[in-house]
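# Understanding the architecture of this molecule
Residues per chain are reported as follows:
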Amino acid sequence: NAGVTQTPKFRILKIGQSMTLQCTQDMNHNYMYWYRQDPGMGLKLIYYSVGAGITDKGEVPNGYNVSRSTTEDFPLRLELAAPSQTSVYFCASSTAGTGTEQYFGPGTRLTVT
Amino acid sequence: QKEVEQDPGPLSVPEGAIVSLNCTYSNSAFQYFMWYRQYSRKGPELLMYTYSSGNKEDGRFTAQVDKSSKYISLFIRDSQPSDSATYLCAMSASTGGFKTIFGAGTRLFVKA
């Protein structure tokens, strides 16, 4: 099992550009999450999904969009990138709906200049 | 006031020491309490989780939850240099749809 994979590992965007962060898991988990991690701020939930076709907002959803067409994939879309979106983005998945036992990917480091 | 407070450290200890890492929280509805370890430039990995109050032990790691004080702890016995990492506490509640709230993390350095 590869677990949770994320691409790309690094990316530099110019202000106003768009991009999609890819996330795939091969554990057949229903629950998937996107977080951002800023220095000294911990992880903040952006969006989450409880299954294919079902997504919902987390704490900090503004400027992002998601879709979940399959159990395995949960891409995160950034439209009109802004410097405030410079961060490390982590995708996670879990089999439990209680928020416990989340498996994280290696992260994508995004810089917006 | 943040929902979950965690001292960012850094905390530096000699090898073999007992390490105590702590978090406080304000939302009494939290039911599940997790500890994650994150090595530099890696994703977090779950160490253990507990439900409600009490203790849970796994090898050198012990998690404690005191809901009356809204205080959780992670103890690491016989600490090793390989334990050097950032430790994140996290919590969830059914009233919040089990959305997980993370602490900011405590950086731990274990010196050989």
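Residues numbered from 1 in each chain as written. Chains lettered and ligands numbered in written order. Predicted model: local features only at pLDDT ≥ 70, side-chain atom pairs only at ≥ 80, totals over all residues. Heavy atoms only, no water.

For chain B, the helix and strand inventory stands at zero helices and 11 strands. Of the regular secondary structure in chain B, the N- to C-terminal order runs β-β-β-β-β-β-β-β-β-β-β. Taken over C-alpha atoms, the radius of gyration comes to 13 Å for chain B, in line with the 13 Å a tight globule of 112 residues would show. With the C-alpha coordinates of chain B rotated into their principal frame, the extents come out at 45 × 30 × 20 Å. When each of the 112 residues of chain B is scored for burial, the buried share is 44%. Relative to all contacts within chain B whose residues are 6 or more apart in sequence, the contacts with residues 24 or more apart total 54%. (Helix = DSSP H or I, 4+ residues; strand = E, 2+ residues; numbered from the N terminus. Rg over C-alpha atoms; globule rule 2.2 N^0.38 Å. Buried < 20%, exposed > 50% of the residue type's maximum accessible area, 1.4 Å probe, protein only. Contact = heavy atoms within 4.5 Å.)

By the definition in use, this model includes 11 aromatic pairs over all chains. Centre to centre, the rings of A:F104 and B:F102 are 6.3 Å apart; their planes meet at 80 degrees, and the pair counts as edge-to-face. Taken together, the residues span two chains, with A:F104 in strand β10 (residues 103–104) and B:F102 in strand β10 (residues 101–102). Using a relative accessible area of 12% as the deciding quantity, one classes A:F104 as buried. Judged by its relative accessible area of 5%, B:F102 is buried. Here the aromatic residues A:Y33, A:Y35, A:F90, A:F104, B:Y36 and B:F102 are joined through ring pairs into a cluster of three or more. Positioned above the aromatic ring of A:F74 is the side chain of A:R68, whose terminal nitrogen or guanidinium carbon lies 6.0 Å from the ring centre. Taking the ring centre of B:Y49 as reference, the NZ or CZ of B:K56 above it sits at 4.8 Å. (Phe/Tyr/Trp six-rings, centres within 6.5 Å; stacked < 30°, edge-to-face > 60°. Lys NZ or Arg CZ within 6 Å of the ring centre and 35° of its normal.)

All names here are of chain A. Judged by pairing direction, the sheet is antiparallel, and its four strands sit side by side in the order β1-β3-β8-β7 without closing on themselves. Across the chains shown, the open sheet's two edge strands, defined by having one partner strand only, are β1 (4–7) and β7 (64–66). Sheet twist, expressed as the mean angle between neighbouring strand axes with direction ignored, is 20 degrees. Here four bridges tie β1 to strand β3 (residues 19–25), and the two strands are oriented antiparallel to one another. (Pairing = 2+ DSSP bridges. Axes fitted to C-alpha atoms, helices over the stretch in contact; angles between N-to-C directions.)

A few words now on unusual backbone geometry. With an omega of -5 degrees, the peptide bond between A:T7 and A:P8 qualifies as cis. Tracing the sequence through the fold places A:P8 in the loop between β1 and β2 (10–13). Here the residue pair B:G9 and B:P10 is connected by a cis peptide bond, since its omega of 10 degrees sits within 30 degrees of zero. With respect to the helices and strands, the residue B:P10 is situated in the loop between β1 (4–6) and β2 (11–14). The phi angle at A:E101 is positive, at roughly 55 degrees, despite the residue not being glycine.

Contacts between the two partners involve 19 residues from chain B, matched on the other side by 22 residues from chain A. Broken down residue by residue, the surface that chain B buries against chain A is led by B:R41, B:K99 and B:F102, which jointly contribute 28%. The tally of links from chain B across to chain A stands at zero salt bridges. Looking at the side of chain B that touches chain A, the elements with two or more residues in it are β4 (32–38), β5 (45–51), β9 (85–92) and β10 of chain B. Per element, the largest residue contribution to the side of chain B that touches chain A is four residues, and it comes from β4(B). Taken together, the residues of the side of chain B that touches chain A break down into 11 nonpolar, five polar and three charged. (Buried area = accessible area lost by both parts, 1.4 Å probe. Salt bridge = Lys/Arg side-chain N within 4 Å of Asp/Glu carboxyl O. Nonpolar A, V, L, I, M, F, W, Y, C, P; charged D, E, K, R; others polar.)

Of all hydrophobic cores here, the largest spans 26 residues; its most connected members are B:V4, B:F30, B:W35, B:I72, B:L74, B:Y87 and B:M91. Going through the elements one at a time, β3 (19–25), β4, β5, β7 (61–66), β8 (71–76), β9 and β11 (106–111) of chain B are the ones with two or more residues in this core. Ranked by size, the runner-up nonpolar core spans 19 residues in total, among them A:M19, A:M32, A:V66 and A:L76. (Core = buried A, V, L, I, M, F, W, Y, C linked by side-chain atoms within 4.5 Å.)

Our focus in this paragraph is the state of the cysteines. Joining two cysteines, a disulfide is a covalent bond between their sulfur atoms. Overall, the coordinates contain two disulfides over all chains when judged by the stated rule. Note that A:C23 is cross-linked by a disulfide to A:C91, the S-S spacing being 1.8 Å. Disulfide A:C23-A:C91: torsion about the S-S bond near -70 degrees, hence left-handed. With a gap of 68 residues between them, A:C23 in strand β3 and A:C91 in strand β9 (residues 87–94) connect regions that are remote in the sequence. Pair check on accessibility: A:C23 and A:C91 agree, each one buried. Linked covalently through their sulfurs, B:C23 and B:C89 form a disulfide whose S-S length is 2.0 Å. On the sign convention where negative is left-handed, the bridge of B:C23 and B:C89, at about -105 degrees about the S-S bond, is left-handed. A residue pair is termed long-range when its members are at least 10 positions apart, and B:C23 in strand β3 and B:C89 in strand β9 qualify at 66 residues. Per residue, the accessibility class of B:C23 equals that of B:C89, and both read buried. (Disulfide = S-S within 2.5 Å.)

None of this, on its own, says anything about what the molecule does.
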